[in-house]
Amino acid sequence: MLPDNALCLSIAGTDTDAGKTVVTAALARAAVAAGLRTLIIKPIQTGSIVDAQGKLQAPDIALCREAAPGADTHALLQFATACSPQLAAQLEALDEKPLRAHPLAEEIGKVVREWALATTFCTNAPGPCRNLVLLEGAGGLLTPLSHRETLGELFALLGWPVLLVVANRLGAINHALLSLEALRSRHLPCLGFVMNEVREAQSELERTIRGENPKAVESLGHKPCLAKLPHVPGLNAPEFSAREAAWNGAARALSPVLHAVGTWQGFAPKTTTQEKRSQETVSKETAAQETAAQETAAQETVDQEGVALLRFDREHLWHPYTSPLRPLRAWEAVGSSGARIRLKGGRELVDGMASWWCAIHGYNHPWLMRALQTQAQSMPHLMFGGLTHAPAVRLGQRLLGMAPPALKHVFFADSGSVAVEVALKMALQYGQAKGETRRTQVMTVRGGYHGDTLGAMSVCDPQDGMHALFSGILPKQIFAPRPECRFDAPYNPAAEQAFAKILAAHADLVAAVILEPIVQGAGGMWFYHPAFLRGVHALCKQHGCLLILDEIATGFGRTGKLFACEHADVQPDILCLGKGLSGGVMTLAATLATHEVAEGISQGGGMLMHGSTFMANALACAVSEASLELISGGGWRAEVARLERVLRQGLSPCACLPGVVDVRILGAIGVVEMESEVNVERLQAFFVEQGVWIRPFGRLVYLMPPYIITDDEIATLCTAIHRALTQEAWR
Ligand code: PMP
């Protein structure tokens, strides 16, 4: 496991002498200048120089030290012979052991952990540090480490995103595409590439050809050219000042790479105060001009098309949970990016909802957009009956790799509600297949929410949910009281008693218990104690019924753990995932089950009776795989911890306002509970006026923003809520 606050990037060349070291060094310089603590690792250096003391000195590390004196450096293995690592190790036969990727990867992990532990606070900024680790490969991706392994295997074990340095010379396209293939076949994410001018262009023709190369690699390889590094002769200049100027130029040219690294993990490099000030001045001026222009343009356009569009919408389109004839107001959105939603007419809103909690990486994340575009070029969708495809398989592998280990089988559904239906069917079929034919009901607690389809509705809260409306037709389920034991208060085991009693009374009828672990979402934004979940799990085991956990809202980091069940150290028999799975880009959900459940259903040739047209949609799987790649990077941990802290700071002052009965925060969820139902229409309009997007429901005004939202943006959201409550805009 790598530290949460370290972003790690592998840098590979398309060839020997592609310019990896210059790119690594210049990137490190840019990172240090942007306030990132930076470590450069050279795992294998061949052609090291023997110094006067007989010690090996890595030339690449020396160059990095010159370019980025503020960065830390570490060379792991060094050989004097300038050849492939495999041959160098053979010739210099250290302990006669061949070079192996696995121990090397472990050693690298150790170096990174120790380094990140050594200083957890930046020298120039308060709070947890943002660390960047740059690992510079040796030669190309297929450079041999041994007879069996190449550098690619080492990179694959690390699993870090890879920046490809393309030597812009004859053969560049071929080398770049082969390298991309090598990354793809190892399921390694590629951040993009840097086109490096290995020497000055000599002729007009050569210049023309070079100018074309990034485009060709981009379109054939489907990876972005993040930067072009012009040939920098000054790097070898005898005068220090000339070398400094050359490094500054190179660092500037590579700053888009740094930005891409930042967006990848959801943390952008810090700008210096001076840079920030000048950016602020420019952006304020530009913003003022833009707003004036937009307002004029807005009035004209909104008046024309906008009114017609909104009228048609109001008269003919159904919106969720509102009257078809007298619906709540809807605003026309025309764009989104990061944690912002842009409305027609130019108004921009800070988003506190992550589009019902799914856009965890923020909107239009370049990594997700690219995955979607790439998949769209080959195969958007195929039926999953009798056919399969790599996006689904790779996503399945990733999901099982990160989910609680007991889960071994994945069903891809097309929405959260359907994933719950599938989970219920699995549990019911399992009971039937085992001959326990009386187990036809599901037990749950009040205050829950599991979706809007009939089966899912049957396990939603029977009073405040939609039960009352459909009471005649929903399957009859068994309910225990809401777990009143707060997450943040000492646990009283009495909380389980009612549940235990009801389950014991119906044990032979219950196929499964379904719960949202720790956070009850749409049923009341209630956080209950992990010990309750542990208790229910034990009761399920005691009575032989399955435990279904619905992590559609809580999965992928929202509560501060990857999955909320980790708070209680409980592994379910069936797990439902959705929302953040695709980073909020496409509709996709999944139901995961243990081998025991799958085996039970399969008894006597049994099969799971479910399969919908769009199951395992290839576009949705591809974008979800990209979303999980971002999650696997681990940056979300630090972000969610930050959000928890900033939400607490921002919302706590609401606790003493009139009408507020509770303020609670967990992970990236902030809730203000009111004494009575809020006036959604009025409050929503108030929020839009304040430049924020917050959609309250029932007695709850809450925030579940994208993880990448900045502290300032959260402050804007919290201020808007405080103002709304102070001004009684909720009544
Ligand atoms: N389960 C939970 C816990 C949810 O929060 C939701 C959606 N809010 C669902 C199920 C249903 O998911 P979907 O809206 O994708 O059908």
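Residues numbered from 1 in each chain as written. Predicted model: local features only at pLDDT ≥ 70, side-chain atom pairs only at ≥ 80, totals over all residues. Heavy atoms only, no water.

## Overview of the sheet that holds strand S23 (residues 669-674)
Strand pairing within a sheet occurs via backbone hydrogen bonds; the two strands may be parallel or antiparallel. Taken together, 3 strands build an open sheet; the order of strands is S22-S23-S25 and the sheet is antiparallel. Both edges of this open sheet fall to strand S22 (660-666) and strand S25 (700-703), since each of them pairs with a single strand only. On average, adjacent strands in this sheet sit at an angle of 10° to one another, irrespective of strand direction. With 6 bridges joining them, S22 and S23 adopt antiparallel strand pairing. Within the sheet, the bridge partner assigned to Ile665 lies in S23 and is Gly670. Relative to the sheet, helix H20 (residues 635-651) contacts S22, S23 and S25, its axis offset from that of S22 by approximately 165°. (Pairing = 2+ DSSP bridges. Helix = DSSP H or I, 4+ residues; strand = E, 2+ residues; numbered from the N terminus. Axes fitted to C-alpha atoms, helices over the stretch in contact; angles between N-to-C directions. Contact = heavy atoms within 4.5 Å.)

## Brief notes about the sheet that holds strand S9 (residues 225-229)
Read from one edge of the open sheet, 7 strands run S5-S2-S6-S1-S7-S8-S9, paired in parallel fashion. Strands at the two margins of the open sheet, each flanked by one partner only, are strand S5 (72-78) and S9. Averaged over all pairs of adjacent strands, the angle between their axes in this sheet comes to 20°, without regard to strand direction. Across the sheet, helix H1 (residues 20-33) touches strand S1 (6-13), strand S2 (37-45), strand S6 (131-140), strand S7 (162-167), strand S8 (190-196) and S9, and the angle it forms with S6 is around 175°. Of the strands in this sheet, S1, S7 and S8 are in contact with helix H6 (residues 172-185), which crosses S7 at around 160°.

## Some points on the packing of helix H11 (residues 366-378) against helix H19 (residues 618-632)
Taken N-terminus to C-terminus, the directions of H11 and H19 make an angle of 150°; their axes are 8 Å apart at the nearest point. Considered as vectors, H11 and H19 are oriented roughly antiparallel to each other. Handedness of the H11/H19 crossing: right-handed. Here Trp367, Leu368, Ala371, Leu372, Gln375 and Ala376 of H11 come into contact with H19, specifically with Ala618, Leu619, Ala622, Val623, Ala626, Ser627, Glu629 and Leu630. (Parallel < 35°, antiparallel > 145°, perpendicular 65-115°, else oblique. Left-handed = near helix turned anticlockwise from the far one by under 90°.)

## Some words on the confidence of the model for the protein chain
Averaged over every residue, the pLDDT of the protein chain is 88; the share at 70 or more is 90%. Note that residues 120-129 has pLDDT below 50 and, in this model, 14 contacts with residues that lie over four places away or in other chains. Taken together, the stretch residues 266-283 has pLDDT below 50 and engages in 20 contacts with residues farther than four places along the chain or on a different chain. (pLDDT = per-residue confidence, 0-100.)

## A word on helix H13 (residues 416-433)
Counted at 1.5 Å a residue, the expected span for H13 with its 18 residues is 26 Å, and the 25 Å between its end C-alpha atoms agrees. Most of H13 sits out of view: 13 of its 18 residues are buried. With its phi angle positive at about 85°, Gly435 sits one or two positions after the end of H13. (Expected span 1.5 Å × (residues − 1). Buried < 20%, exposed > 50% of the residue type's maximum accessible area, 1.4 Å probe, protein only.)

## Concerning the site of the ligand
Every residue lining the ligand is accounted for by Trp357, Ser415, Gly416, Ser417, Tyr449, His450, Gly451, Glu516, Asp550, Ile552, Ala553 and Lys579. Here an oxygen atom of the ligand sits 2.8 Å away from a polar atom, N or O, in the main chain of Gly416. The contact in question runs from a nitrogen atom of the ligand to an N or O atom on the side chain of Lys579, over 2.9 Å. Protein burial of the ligand: of its 390 Å² of free accessible surface, 81% is covered by the chains. Classifying every residue of the shell around the ligand gives 4 nonpolar, 5 polar and 3 charged. (Near = heavy atom within 4 Å. Polar contact = N/O pair within 3.5 Å; in protein donor to acceptor, adjacent residues only side chain to side chain. Areas by Shrake-Rupley, 256 points an atom, 1.4 Å probe, with all protein chains shown as cover. Nonpolar A, V, L, I, M, F, W, Y, C, P; charged D, E, K, R; others polar.)

## Remarks on the pairing of S6
Judged by how many residues are buried, S6 sits mostly within the fold: 10 of 10 residues are covered. The sheet contact formed by S1 and S6 spans 7 bridges and is parallel. Note on S6: the bridge partner recorded for Ala6 is Asn131. Both S2 and S6 contribute to a ladder of 5 bridges, which runs parallel. Among the inter-strand pairings, Ile40 is bridged to a residue of S6, identified as Leu134.

## Section: the nonpolar core
Leu399, Phe499, Val513, Leu651, Phe687 and Ile721 are the most contacted members of the largest nonpolar core, which has 121 residues in total. It is H13 that provides the largest number of residues to this core, a total of 9 residues. Among the nonpolar cores identified, the runner-up in size contains 43 residues, and Leu104, Val112, Val162 and Ala172 belong to it. (Core = buried A, V, L, I, M, F, W, Y, C linked by side-chain atoms within 4.5 Å.)

## With respect to the packing of aromatic side chains
This model, assessed by the stated rule, comprises 8 aromatic pairs. Taken together, a centroid distance of 5.6 Å and an interplanar angle of 65° make the contact between Phe556 and Phe563 edge-to-face. Comparing Phe556 with Phe563 shows no difference in burial state: the two are buried. Taken together, Trp357, Phe697 and Tyr702 form an aromatic cluster joined through their ring pairs. Directly above the ring of Trp357 sits Lys579, whose terminal nitrogen or CZ lies 4.6 Å from the centroid. Taking the ring centre of Phe527 as reference, the NZ or CZ of Arg664 above it sits at 6.0 Å. (Phe/Tyr/Trp six-rings, centres within 6.5 Å; stacked < 30°, edge-to-face > 60°. Lys NZ or Arg CZ within 6 Å of the ring centre and 35° of its normal.)

## Regarding the environment of Gly338
Following the sequence through the fold, Gly338 ends up in the loop between strand S10 (333-337) and strand S11 (340-343). Between the C-alpha atoms of Gly338 and His365, which are 27 residues apart in sequence, the distance is 7.1 Å. Look past the residues within four positions of Gly338 in its chain and what remains in contact with it is Gly362, Tyr363, Pro706 and Ile708.

## Notes on the packing of helix H4 (residues 101-118) against helix H5 (residues 151-158)
For the pair H4 and H5, interaxial distance at closest approach is 9 Å and the crossing angle is 45°. Between H4 and H5, the angle is such that the two are oblique. Remark: the crossing between H4 and H5 carries right-handed chirality. Here Ala101, His102, Leu104, Ala105 and Ile108 of H4 come into contact with H5, specifically with Glu153, Leu154, Leu157 and Leu158.

## Details of the pattern of salt bridges
Any two side chains of opposite charge can pair if their charged atoms end up close together. The final tally for this structure, using the stated rule, is 26 salt bridges. A salt bridge links Arg184 to Glu181, with the nearest nitrogen and oxygen atoms 3.1 Å apart. Of this pair, Arg184 and Glu181 are both found in helix H6, 3 residues apart, which corresponds to roughly one turn of the helix. For Arg184, a relative accessible area of 38% puts it in the partly exposed group. Taking the relative accessible area as the measure of exposure, Glu181 reaches 44% and is therefore partly exposed. A salt bridge links Arg340 to Glu348; the shortest N-O distance between them is 3.1 Å. Assessed through its relative accessible area of 38%, Glu348 is described here as partly exposed. Residues joined in a network through salt bridges with shared partners are Arg486, Asp488, Asp662, Arg664, Glu673 and Arg699. (Salt bridge = Lys/Arg side-chain N within 4 Å of Asp/Glu carboxyl O.)

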